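If you want the building blocks of each chain, they are given just below.
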Amino acid sequence: MALKVTVVGVGLVGETIISCLKERRFPCEWPPRVAATTERPKVLAGEEMLVEETSAEVFRNADIVLFAGKEGAQGASATWREAAEKAGALCIDNGRDFRLASDVPLVVPEVNPGSISRDTRFIASPNCSTIQMVVALNPIHEAARIRRIIVAGFQSTSGWGEKGPKELRKQTPAALESLESVSFDPAVFPRPIAFNCIPQIEPFMEEDYTREELKLLYETRKIMRDDAIQVSATCVRVPVFVGHGQSIWIETQKEIAPGEIKDLLRKAGGVRLYENVHESDPAMAYPTSIDVHRHPDDVLVGRVRRDLSNPRGNTLWVVADNLRKGAALNVVQIAELLVQRGMV
Ligand SMILES: NC(=O)c1ccc[n+]([C@@H]2O[C@H](COP(=O)([O-])OP(=O)(O)OC[C@H]3O[C@@H](n4cnc5c(N)ncnc54)[C@H](OP(=O)(O)O)[C@@H]3O)[C@@H](O)[C@H]2O)c1
C-alpha cells in the first residue's frame, strides 16, 4: 500500500526531498502532501504542486512527516511536531531543534541505524557538515578509535537556505566592478560573500565557537556514541553554490596507516574514494565542490595522507552535496529504513 507522506517546507531542502522521493521511487502516494507558511502553487520535482498552508489538517492520516522548515521557536518542527505526532505520523526532522534531545535518535543510516528503536516516533537528521564528516570518519573510528578531530569547513551558500545563493548571485556582478561597494543583507551573511571567505556560520556561542562549529562537536559524539571524542572546528562560508568541503585532521588511539584508511573507505557505504593525487586527470585526483553535481549522493573523500606532525595522526579532504547527503537524501534514506523495518 502506498504510504501517505507530508513534507513541511519547500525551500532548498524541502524541494530536494521531493526530488529524492521521486527519483528513488519511495513507496508513497504521489504527489506527497506539501506545506509551508503560505498556500500557493509551486513547481517541485518538475511538476506543479499545491503547497498548503501548514495546519494540523496537513498531518491527517499521514504515515510519515518530513520536516524541512526553518528552526527555532517559530520554526516548522517546533510549531508542528506535536500536531504531527498526535495525528500518528512518524516524523523525521532536518533542523537542529531536537537533535540533542536524549529521547530523539540522531541518525545517519550508514553510521548508526541501530539507534532507531521499534517505538521511535521522532528522528532527527544531523547538520549537513556533521553528516559528511561522520560518514567518512566512522569506518576509521571503528577500526582505530578516533580520539581527536580538527576540522576546517569550507561551506557553500546554500547551507543557509534559499536566500544564501541568491545573495551570492546578486553580489557577484557588483563585486566584479568594485569589492568595496558591494551591498549585502547582514541577515543572511554577516559580511559580503562574493569573492570572500567568512569565518562565521551562525552566532558565536561558548568559548567563541559558532553554533555551527559546536554542532560538529556534540552531534558527532552522539552519532558515533563516544563522548570522549574531542572536536575543534572552524566553519567558513565560501562563495560556492552547493557542496561543502572539509579539511579534517584525526588522531586515533591505535596507529593506522593511510593505506589502511583507504582500504576501509573503499569498502564503506556512501563513500567515493579518490585514491591517487598523481592521477593524470585532476578531476580523478581529488574531489572539489563542483564534483557533487556528478556524484550528488556520495561523500567524496580524497587526499588521505599521514599527519606529519603526529605519529597517530592522519588527514583527509571530504566533500558532499549539503542539500542531498547533507540533508534531503539522508532524511529519505532514514524513511527507507523505516519502511524496510516495517515501522510504517
Ligand atoms: N540548506 C542546507 O544545506 C541544510 C542542510 C541540513 C539541514 N538543513 C535544515 O533544513 C531546514 C530547511 O532548510 P532550507 O535550506 O530548505 O531552508 P529554506 O530554503 O530557507 O526553506 C525553508 C522552508 O521552511 C518553510 N517554513 C519556515 N517556517 C515554517 C513554519 N513555521 N511552518 C511551516 N513551514 C515553514 C518556508 O516556508 P515558505 O516557503 O512559505 O517561506 C520554506 O519553504 C532547516 O532546518 C535547515 O537548518 C539545511
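Every value quoted in this text rests on a predicted model; they were computed, and no experiment measured them.

Novice: When you look at the packing of helix H3 (residues 128-144) against helix H8 (residues 324-340) in this model, what are you seeing that I'm missing?
Specialist: The description of two helices packed together rests on the angle between their axes and the distance between the axes. Contact pair H3 / H8: the axes reach a minimum separation of 8 Å and the direction vectors enclose 90°. With respect to H8, the element H3 is oriented roughly perpendicular. Contacts between H3 and H8 involve Cys-128, Ile-131 and Val-135 on the former and, on the latter, Lys-325, Gly-326, Ala-327 and Asn-330. Here the contact of H3 with H8 is composed, by residue class, of 4 nonpolar, 2 polar and 1 charged.

Novice: Even after reading the chapter, I still don't get the domain arrangement of the chain, so can you show me in this structure?
Specialist: Domain annotation for the chain reports domain 1 (5-126 + 327-340) and domain 2 (130-322). Computed from C-alpha atoms alone, the centre-to-centre distance between domain 1 and domain 2 is 25 Å. In this complex, domain 1 contributes 21 residues to the contact, which on the side of domain 2 involves 22 residues. Both sides of the domain 1 and domain 2 interface together cover about 1,700 Å² of buried area, and 61% of this is carbon and sulfur. Between Glu-162 and Lys-42 there is a salt bridge, with its nearest N and O atoms 3.5 Å apart. Across the domain 1-domain 2 interface, the total number found is 7 residue pairs in polar contact (both at pLDDT 80 or more). The element that contributes the greatest number of residues to the side of domain 1 that touches domain 2 is H8, accounting for 3 residues.

Novice: Honestly, the side chain of Asp-321 in this entry has me stumped. Any pointers?
Specialist: By secondary structure assignment, the location of Asp-321 is in the loop between strand S13 (313-320) and H8. Of the side chains with opposite charge, Arg-324 comes closest to the buried, unpaired Asp-321, at an N-O distance of 5.1 Å. Looking at Asp-321, its side chain comes within polar contact range of the main-chain nitrogen of Arg-324, at 3.1 Å. When sequence neighbours within four positions are dropped, the list of residues in contact with Asp-321 reads Val-242, Gly-243, Val-292, Pro-296 and Gly-326.

Novice: What is the right way to look at the state of the cysteines in this model?
Specialist: Put plainly, two cysteines are in a disulfide when a covalent bond ties their sulfur atoms together. Taken as a whole, this structure holds 0 disulfides when the rule is applied. Here Cys-128 is not cross-linked by a disulfide; its sulfur's nearest cysteine counterpart is in Cys-235, at 9.0 Å.

Cut-offs used in this document
- Residues numbered from 1 in each chain as written.
- Predicted model: local features only at pLDDT ≥ 70, side-chain atom pairs only at ≥ 80, totals over all residues.
- Heavy atoms only, no water.
- Axes fitted to C-alpha atoms, helices over the stretch in contact; angles between N-to-C directions.
- Helix = DSSP H or I, 4+ residues; strand = E, 2+ residues; numbered from the N terminus.
- Parallel < 35°, antiparallel > 145°, perpendicular 65-115°, else oblique.
- Contact = heavy atoms within 4.5 Å.
- Nonpolar A, V, L, I, M, F, W, Y, C, P; charged D, E, K, R; others polar.
- Domains from an automatic or database assignment.
- Buried area = accessible area lost by both parts, 1.4 Å probe.
- Salt bridge = Lys/Arg side-chain N within 4 Å of Asp/Glu carboxyl O.
- Polar contact = N/O pair within 3.5 Å; in protein donor to acceptor, adjacent residues only side chain to side chain.
- Buried < 20%, exposed > 50% of the residue type's maximum accessible area, 1.4 Å probe, protein only.
- Lys, Arg positive; Asp, Glu negative; His and termini not counted.
- Disulfide = S-S within 2.5 Å.

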